[in-house]
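Chain and residue survey
This is what each chain is made of:
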Amino acid sequence: MRSITGAGVRATLRTVARALGPEIPLTVHEVSSGTQVLDWSVPREWNVGSARLIGPDGRTVVDVADNPLHLLGYSTPMRARMGLDELRPHLFSMPDRPDWVPYRTSYYNENWGFCLTDRQLTSLPDGEYEVEIDTTLTEGSLTYGEIVLPGETTDEFLITTHTCHPAMANDNCSGIATATLLARELAAAPRRHTFRLLFIPGTIGSITWLAGNRDIVGRIRHGLVLTGLGDRSDPTYKRSRRGDAAVDRAAAMALAESGQPHRIVDFSPYGYDERQFCSPGFDLPVGRFGRGQHGEYPQYHTSADDLDFVTPGSLTDSHALLRRIITICDQNRTWRNTAPYGEPQLGRRGLYRAIGATMNRQAVEMALLWVLNLADGSRSLLDIAERAGLPFDTIVEAADALAGVDLLAEVEVGGV
Amino acid sequence: MRSITGAGVRATLRTVARALGPEIPLTVHEVSSGTQVLDWSVPREWNVGSARLIGPDGRTVVDVADNPLHLLGYSTPMRARMGLDELRPHLFSMPDRPDWVPYRTSYYNENWGFCLTDRQLTSLPDGEYEVEIDTTLTEGSLTYGEIVLPGETTDEFLITTHTCHPAMANDNCSGIATATLLARELAAAPRRHTFRLLFIPGTIGSITWLAGNRDIVGRIRHGLVLTGLGDRSDPTYKRSRRGDAAVDRAAAMALAESGQPHRIVDFSPYGYDERQFCSPGFDLPVGRFGRGQHGEYPQYHTSADDLDFVTPGSLTDSHALLRRIITICDQNRTWRNTAPYGEPQLGRRGLYRAIGATMNRQAVEMALLWVLNLADGSRSLLDIAERAGLPFDTIVEAADALAGVDLLAEVEVGGV
Amino acid sequence: MRSITGAGVRATLRTVARALGPEIPLTVHEVSSGTQVLDWSVPREWNVGSARLIGPDGRTVVDVADNPLHLLGYSTPMRARMGLDELRPHLFSMPDRPDWVPYRTSYYNENWGFCLTDRQLTSLPDGEYEVEIDTTLTEGSLTYGEIVLPGETTDEFLITTHTCHPAMANDNCSGIATATLLARELAAAPRRHTFRLLFIPGTIGSITWLAGNRDIVGRIRHGLVLTGLGDRSDPTYKRSRRGDAAVDRAAAMALAESGQPHRIVDFSPYGYDERQFCSPGFDLPVGRFGRGQHGEYPQYHTSADDLDFVTPGSLTDSHALLRRIITICDQNRTWRNTAPYGEPQLGRRGLYRAIGATMNRQAVEMALLWVLNLADGSRSLLDIAERAGLPFDTIVEAADALAGVDLLAEVEVGGV
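No experiment lies behind these values; they were computed from the predicted model shown.

Inspection of the secondary structure assignment puts C:Asp39 in the loop between strand S2 (36-37) and strand S3 (40-41). For C:Asp39, a relative accessible area of 14% corresponds to the buried category.

Here we come to the UniProt feature "domain: DUF2172" (unreviewed entry) in chain A. Sites flagged by UniProt as "domain: DUF2172" (unreviewed entry) map to residues 45-136 of chain A. End-to-end, the C-alpha atoms of residues 45-136 of chain A are 8 Å apart, and along that stretch the chain is 10% helix and 36% strand.

Residue and element names in this part refer to chain A. The 8 strands lie next to each other as S1-S10-S12-S11-S13-S16-S14-S15, forming an open sheet whose pairing is mixed. Looking at the sheet topology across the chains shown, the edges are occupied by strand S1 (27-32) and strand S15 (263-265). Sheet twist, expressed as the mean angle between neighbouring strand axes with direction ignored, is 20 degrees. Sheet topology note: the strand S10 (residues 141-149)/strand S12 (residues 194-200) ladder contains 5 bridges and is antiparallel. Considered in S12, the bridge of Val148 is made with Arg196. Lying over the sheet, helix H1 (residues 7-20) contacts S1, S10 and S12, oriented at roughly 15 degrees with respect to S10. Sitting on the sheet, helix H9 (residues 312-331) touches strand S11 (156-162), S12, strand S13 (220-226) and strand S16 (286-290), and the angle it makes with S13 is about 175 degrees.

This part is about H9(A). Since the α-helix advances by 3.6 residues per turn, residues separated by three or four positions end up pointing in the same direction. The terminal C-alpha atoms of H9(A) lie 28 Å apart, and with 20 residues this matches the ideal 28 Å at 1.5 Å per residue to within 8%. Within the span of H9(A), buried status applies to A:Ser314, A:Asp317, A:Ser318, A:His319, A:Leu321, A:Leu322, A:Arg324, A:Ile325, A:Ile326, A:Ile328, A:Cys329 and A:Asp330.

So, on to the interface of chain C and chain B. Residue-level contacts link 19 residues of chain C with 19 residues of chain B. The largest contributions to the chain C side of the interface with chain B come from C:Tyr341, C:Glu343 and C:Asn373, which together make up 40% of the buried area. Where chain C touches chain B, the interface holds 4 salt bridges. If you look at where chain C meets chain B, you find 13 residue pairs in polar contact (both at pLDDT 80 or more). If you list the elements that add at least two residues to the side of chain C that touches chain B, you get helix H11 (361-374) and strand S18 (376-380) of chain C. Within the side of chain C that touches chain B, the residues separate by chemical class into 8 nonpolar, 4 polar and 7 charged.

The next point concerns the relation of the copies chain A and chain B. In the superposition of chain A on chain B (RMSD 0.0 Å, axial shift 0.0 Å), the rotation amounts to 120 degrees. Taken together, the rotation and translation describe the operation of a three-fold axis. For chain A, the minimum C-alpha distance to the rotation axis belongs to A:Asp244 and amounts to 13 Å.

Quick look at the packing of helix H7 (residues 246-258) of chain C against helix H9 (residues 312-331) of chain C now. All names here are of chain C. Remark: H7 packs on H9, axes separated minimally by 9 Å, with the N-to-C direction vectors making an angle of 130 degrees. Taken as axis vectors, H7 and H9 run oblique relative to one another. Pair H7 / H9 crosses with right-handed handedness. Between H7, through Ala246, Val247, Ala250, Ala251, Met253, Ala254, Leu255, Glu257 and Ser258, and H9, the contact on the second element is made entirely by Leu321, Arg324, Ile325, Ile328 and Cys329.

Here we come to the pattern of salt bridges. Throughout the structure, instances matching the rule amount to 96 salt bridges over all chains. Of the charged contacts in the structure, one is a salt bridge between A:Glu274 and A:Arg288, with a shortest N-O distance of 2.7 Å. Of this pair, A:Glu274 sits in helix H8 (residues 274-277) while A:Arg288 sits in strand S16; the two residues are 14 residues apart in sequence, bridging distant segments of the chain. For the pair formed by A:Glu274 and A:Arg288, the shared burial category is buried. C:Asp99 is the salt-bridge partner of C:Arg119, the closest N and O atoms lying 2.6 Å from each other. Of this pair, C:Arg119 sits in helix H3 (residues 118-122) while C:Asp99 sits in the loop between strand S7 (91-92) and strand S8 (114-115); the two residues are 20 residues apart in sequence, bridging distant segments of the chain.

Another point: the interface of chain A and chain B. Each partner contributes to the interface: chain A provides 19 residues, whereas chain B provides 19 residues. The tally of links from chain A across to chain B stands at 4 salt bridges. Of the charged contacts, one joins B:Arg349 and A:Asp39 as a salt bridge, the two residues approaching to 2.7 Å between their closest N and O atoms. Here chain A and chain B share 13 residue pairs in polar contact (both at pLDDT 80 or more) between them.

Scoring rules and cut-offs
- Residues numbered from 1 in each chain as written.
- Chains lettered and ligands numbered in written order.
- Predicted model: local features only at pLDDT ≥ 70, side-chain atom pairs only at ≥ 80, totals over all residues.
- Heavy atoms only, no water.
- Helix = DSSP H or I, 4+ residues; strand = E, 2+ residues; numbered from the N terminus.
- Buried < 20%, exposed > 50% of the residue type's maximum accessible area, 1.4 Å probe, protein only.
- UniProt positions renumbered as here; feature names shortened; annotations may be inferred.
- Pairing = 2+ DSSP bridges.
- Axes fitted to C-alpha atoms, helices over the stretch in contact; angles between N-to-C directions.
- Contact = heavy atoms within 4.5 Å.
- Expected span 1.5 Å × (residues − 1).
- Buried area = accessible area lost by both parts, 1.4 Å probe.
- Salt bridge = Lys/Arg side-chain N within 4 Å of Asp/Glu carboxyl O.
- Polar contact = N/O pair within 3.5 Å; in protein donor to acceptor, adjacent residues only side chain to side chain.
- Nonpolar A, V, L, I, M, F, W, Y, C, P; charged D, E, K, R; others polar.
- Least-squares fit on C-alpha atoms with pLDDT ≥ 70 in both.
- Parallel < 35°, antiparallel > 145°, perpendicular 65-115°, else oblique.
- Left-handed = near helix turned anticlockwise from the far one by under 90°.

Quick look at the structure:
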């Protein structure tokens, strides 16, 4: 029974913590209701005891215990008896999808209601109904989870996913599960960037985090919002507001390398938490990765976004692409050729042996020459790979070999 | 009997003043002959008493009283009798258009002559002809008209049209009439820019105005040269030298919105008074609007550029497009989001009601989000409309609503 | 018997000097073995007395006296008798081109060897062979030639060609011959730039020159590496590392003007001496001009790169294109309109007469107007010709005429 606050979020974070294991600490933050966060304030905490609609014949029509979607999100408490006409404005269904239950919320206008299939709604008999909504809206807190995996540098890679949508598989169990898996893998391997993973309620969660972490914002070099990773659509990357940030270009490279159909879409101010990270005051290099986009697929925000809607293949593919985007960003460094006047004499330095036999000698030589020629302190390895038309990994290997014989020195790139 | 100086221009400006009515003052400037204006000097004033060519049989061959085009512009006075051979270098016709009288001038080389149809020229009998040209070239003045309509700001929108071409409908009665109508309409409505309209002789007029108004030049934010607005060709916009000035982009937007065939051509240093406004020392954001371009249509600079050559439909269409270009420039402001960190909470500000029911809610919401996201002080509403792919008017309405709740503040954009 | 050092290079430079004649001094530089040059050091000097391989039957298998290619470049001295199995790693042939002798060198790994046709190699009988290689590797010097033709300015145009490849026509007798002819022609005509022509061994020669001439490097405004000018491929220009240097655009213009098929390829860090001139520390505006590129044609680095492989037509065409590229760069100046406010009155300055009758008046007028409009000190004549879509020569003639009446003043463009 997840929402933007409440016990359901806490339970979700406990599940995440269990999946992470004891070595990876998930910090759970509680931010009090009423806290001013940027232009917003943290809402009251919402919890659900029970919620049922009982028909004229005394039989239960819908019960939130059967499906969290049956209750309008943030429903106020209500106990009343009323006729069907009075009840009807509080009942939500999808006439064009008569067997699906829609997902509806009313966070900022007080309301109560039930969501049900249109087939059920249209068969309701006249008579007196009993509404029993035992919810609480209290001064409590907003809950979010945060993992920080320190790297060799304080430059940060931010990964966020929203935790507020209840009972739907693609939107957004897929994001929560994938972020959890990424945290485990990232923690287990060396990393240059410090990785920060956020499990936050949509909109108010990112606003709350941004409001409380202005000092960290300036260290974010790359970021990804994860959502909708398991459906059968092609993988889709939405660019950051900047449009040409390293993460934007790394995503384009990873998707191109994969050889599969994919989409890259420009930033627009509609969507998920990238709206907040890419607001003009922050303008962070944060893109969004997923598959089908909000509103594109009929199952979006309905009970049909279930475990049949997501596939292991899509989840695996999303995960692999994310790993690749992250790797490219993490390995992307800016080097400076320390012997930039003429070509250094490579033969006497044993570089070809350093790189070894896994690549053909001609590709290795070209990679060495490209890196030496372009590593003038103004171009990253990503720039060089793009310009040379060589695989990123080949360029990285060449750069590492050149750095090993002191022909490259790293350039400190300051600021965002 | 218009030319670059003289009584014909003054009579034209009196007609314009009458059409404007008493509320809109047309200032008539007289600049003395010999005044140094930039690299030029104001020429002597030319006036025409009468001009006739009389044939061997005593009958009048051509008389300027029948058609101002019959007399070579700036003809010196001449009284002489001569044979056809001696006369012939002073007679101008169009062999490929035997029934049309060409328009010819000789402003800077002293000469005299008559223009007539080729049919008439080729049928002239041998014999002695009498030339009677009663013109005067005297120390007088160059005359031009100027209307200034102060706006909310001192930023100026310049509209110019040339007054020197006699007796031709498209080039340039169409320009004079349209500028007059625009002045009346602009005067009757609120406007942010100060509008300045010039009725000037071609080339020497704009040079004279520029020479005398160096202090005003720096306030010109947009400008349009109007010429040839009534023929049947597609509307044509010629970009300013800058190529991407706001007026250039507003014209492209207005023409695209119109949905009709049109042409947008790059600046070149050949044409009308945009040559002077776009000379490199001034480099003003001044484009040219018209339909058929000089030299493209056979009627150009001939007696066939008459009232049949222009159509009410073309004039009306040109006028509507000009109004739209002007509106876009006048409404194009640069705003700064005052709450740029995260999205402001729109719901509690009643913005949707402020915008009202004329647009669908989704378009309104997208416009609000785009304006908030891009209004970082570096982008104008025109920039935002182009990037968002939304109608300019929707963006303006969204910006006005946001400014109404203090979510936007205007950025002062200094300089040209 | 050319190589990167030794008597063959000196003999080649004597031939060049004879072809230049006494008026054009070719300075021959000798740089001692062991001199540190950038990351390299000048190698020992290599000279060849004789080199023969004698078969089991006492007959000579190959003799360098027959073809310089028969001896592995920089072979160490060797006198030995050995069986075919022991000999074989020192014999080089081309199995897929059984009648051609390959060109092989071993400058930086000590080795000895013979190059021969594969037909000959595969027919060698077993038995004992006698190796007689009388070469010397001694502390001597590296030899290169340099011509400096002072111009009106100290801005330099660098032309280089490599002298180290023996006995091959396209690579690189064609370069040596063409550079020699260009020197004679450039010396005979006025020139704005100072022209510097280098006849240098590949790689180590340009590195040696760059190491010893750091003060001159900053004066190089344009440069061309000449190689492979005589084969039947289309002319090919390889851009400088900068990609948009004046020489890159002049080459594109010359090739486009020629109307013939051609190729323009982007810079890559593989090739000839442009690798050194375009190393990131120098980053000089030096492109490469030739026809077939290294490795593209089977005759590359073989005995089949002979006098039949190059054609007079290709050499003539390469020479004409180079002349044109050089002319465009040499005539490309940056002017500033001295009367930039409005158009200057051209009529009274007699400009049309100044330009004369070779061009039609309309093209002349347009060229004058374009130059006046764009010569704002930020654009070169090449920029103006590209923007106006007019021939470069027309723009130059217009600019010269305008400068002649003081309507243009030259802008000093500092730095590289």
